[in-house]
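# Architecture at a glance
These are the residues of each chain, in order.
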Amino acid sequence: METALAQRARAYFEQLQQRICAALEEFEPRKRFSEDHWERADARHPDKSGGGGLTRVLEEGVVFEKAGVATSTVFGGLPESLALKMNVPPVPFFATGISLIIHPLNPMVPSVHANFRYFELTHPSAKNAGQSDNTDSWFGGGSDMTPYYVFEDDIRHFHATLKAACDKHDVGYYPRFKKWCDEYFFIKHREETRGVGGIFFDYLRDDAERVFAFVRSVGDAFLEAYLPIVRKRMNEPWGERERRWQSIRRGRYVEFNLVYDRGTNFGLETKGRIESILMSLPPKVEWHYNVQPEPNSPEAKLVELLTSPREWVK
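What counts and how
- Residues numbered from 1 in each chain as written.
- Predicted model: local features only at pLDDT ≥ 70, side-chain atom pairs only at ≥ 80, totals over all residues.
- Heavy atoms only, no water.
- Buried < 20%, exposed > 50% of the residue type's maximum accessible area, 1.4 Å probe, protein only.
- Helix = DSSP H or I, 4+ residues; strand = E, 2+ residues; numbered from the N terminus.
- Pairing = 2+ DSSP bridges.
- Expected span 1.5 Å × (residues − 1).
- Arc of directions from axis to C-beta.
- Contact = heavy atoms within 4.5 Å.
- Polar contact = N/O pair within 3.5 Å; in protein donor to acceptor, adjacent residues only side chain to side chain.
- Axes fitted to C-alpha atoms, helices over the stretch in contact; angles between N-to-C directions.
- Parallel < 35°, antiparallel > 145°, perpendicular 65-115°, else oblique.
- Nonpolar A, V, L, I, M, F, W, Y, C, P; charged D, E, K, R; others polar.
- Disulfide = S-S within 2.5 Å.
- Salt bridge = Lys/Arg side-chain N within 4 Å of Asp/Glu carboxyl O.
- Core = buried A, V, L, I, M, F, W, Y, C linked by side-chain atoms within 4.5 Å.

Where burial is concerned, most of strand 4 (residues 92-104) is hidden: 11 out of the 13 residues are buried. Where strand 3 (residues 64-77) and strand 4 come together, 13 bridges link them in antiparallel fashion. Counterpart to V74 in the pairing with strand 4 is A95. Sheet analysis places strand 4 next to strand 5 (residues 111-122), joined by 10 bridges and oriented antiparallel. Following the sheet pairing, I102 is matched in strand 5 by V112. Count of turn residues in the strand 4/strand 5 antiparallel hairpin: six residues.

Structure representation (structure tokens):
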């Protein structure tokens, strides 16, 4: 059974999904989001419901080549393999959240990712031991941006908007979560970050109401952080060279998501909806052997930036 906080978190994520999809559709004269309602069986008890979700995807638009915004609420027995990774017993779990990825057509417009989630683990033995609360719960999430060409004003705007949302709750949040983001979205085998970062946080459980208010603030700030950049860059000229570079850099995105991303691994481990799990992958990607950008080129500027993360706002 959902706790009261779980119900409120689920309702917020579903409402945020509707707002984001409506805002993105305003850029598209003909394309609309498709809707895929899906259900999940409990990984440990296949005859029982394990929740489900709504995946909404827009493809082949004039601005957005692919945009996916998914909500899910899943529950049941935590698979033993995942419990081992989390260093907890295979107890009942509940998870609800929203995850989105936007891959624009124009290489001058950055890709962007965000996800926000609420997680509960229930320890039946804790109640038997006389403890008053047998549920461990926390929030996690964040938002980060992946450009293909560097426009420093855009990056500063993105970070400044997220910082303002963080500062409403704790002035220490942004520097802490910005650093965490740079460290998390790091492609170890390439020795470079996936993009120019943003914020990333997990296991926030100090004060549930306070943390939930913070999550709502950063969730509400997403459109303000990203859409002005889309409007500014969507009509920038581009050609075959820029498109090829975009496809090559998208390959790095794929490498991170399939090798390191916790959300992808969680979805696969809990036998989630595979189409929704892999929704984040870009539609067109290229891999070429030992690609090196020309010295002092716009492409080289991006690579240099990704190998040495910067502070974008004070």
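Before going further, it helps to spend a moment on helix 7 (residues 222-233). In this model, helix 7 (12 residues) spans 17 Å end to end at C-alpha, consistent with the 16 Å of a helix rising 1.5 Å per residue. All of the buried residues along helix 7 are F222, L223, A225, Y226, L227, I229, V230 and R233. Summarising the axial view, the buried residues of helix 7 lie within an arc of 170°, below the 170-degree limit, and thus occupy one face.

Turning our attention to the environment of R156. With respect to the element layout, R156 can be found in helix 4 (residues 152-167). Accessibility expressed as a relative area gives 32% for R156, which makes it partly exposed. Sequence separation of R156 and E311 is 155 residues, and the distance between their C-alpha atoms is 9.1 Å. Once residues lying within four places of it in the same chain are set aside, the contact partners of R156 are W312 and V313. Among the polar contacts listed, one links the side chain of R156 to the side chain of D153, at a separation of 2.6 Å.

So, about the packing of helix 4 against helix 5 (residues 173-184). Where helix 4 contacts helix 5, the axes come no closer than 8 Å and their chain directions differ by 130°. Looking at the two axes, helix 4 sits oblique to helix 5. Contacts from H159, K163 and C166 of helix 4 reach helix 5 at Y173, Y174 and K178. Looking at the contact of helix 4 with helix 5 residue by residue, the classes come out as three nonpolar, one polar and two charged.

To continue, consider the state of the cysteines. For the structure on display, the rule yields zero disulfides. With no disulfide of its own, C166 lies closest to C181 among cysteine sulfurs, the gap being 11 Å. Look at C166 and you get buried, because its relative accessible area is 0%. For C181, a relative accessible area of 1% gives the class buried.

This part is about the pattern of salt bridges. Taken as a whole and judged by the stated rule, the model has 27 salt bridges. Of the charged contacts, one joins R310 and E152 as a salt bridge, the two residues approaching to 3.1 Å between their closest N and O atoms. Of this pair, R310 sits in the segment after helix 11 (298-306) while E152 sits in helix 4, and the two are 158 residues apart along the sequence. Judged by its relative accessible area of 33%, R310 is partly exposed. Relative accessible area serves as the criterion here: at 24%, E152 is assigned to the partly exposed category. E192 is the salt-bridge partner of R249, the closest N and O atoms lying 2.7 Å from each other. Of this pair, R249 sits in helix 8 (residues 240-259) while E192 sits in strand 8 (residues 192-193), and the two are 57 residues apart along the sequence. For the pair formed by R249 and E192, the shared burial category is buried. Connected through salt bridges with shared partners, the residues E152, D153, R156 and R310 form a single ionic network.

This paragraph deals with the nonpolar core. Counting residues in each nonpolar core, the largest one holds 63 residues, and the members touching the most others are F64, I102, F116, F201, F214 and F222. Per-element accounting of this core gives the leading share, 10 residues, to helix 1 (residues 4-25). Leaving out residues up to four positions away in the same chain, F116 has contacts with F13, L16, T96, G97, I98, G140, G141, G142, F201, V215, V218 and G219. Residues V74, A83, A95 and L121 belong to the second largest nonpolar core, which totals 11 residues.

Moving on to the sheet that holds strand 1 (residues 34-41). By definition, the strands of a sheet pair up through backbone hydrogen bonds, in either a parallel or an antiparallel sense. In spatial order, the strands read 1-2-3-4-5-6-9; together these seven strands make up an open sheet with antiparallel pairing. Unpaired on one side and paired on the other, strand 1 and strand 9 (198-204) mark the two borders of the sheet. Averaged over all adjacent pairs, the angle separating strand axes in this sheet is 5°, with direction ignored. Seen against the sheet, helix 4 touches strand 5, strand 6 (135-146) and strand 9 and runs at an angle of roughly 160° to strand 6. Lying over the sheet, helix 6 (residues 208-220) contacts strand 5, strand 6 and strand 9, oriented at roughly 155° with respect to strand 9.

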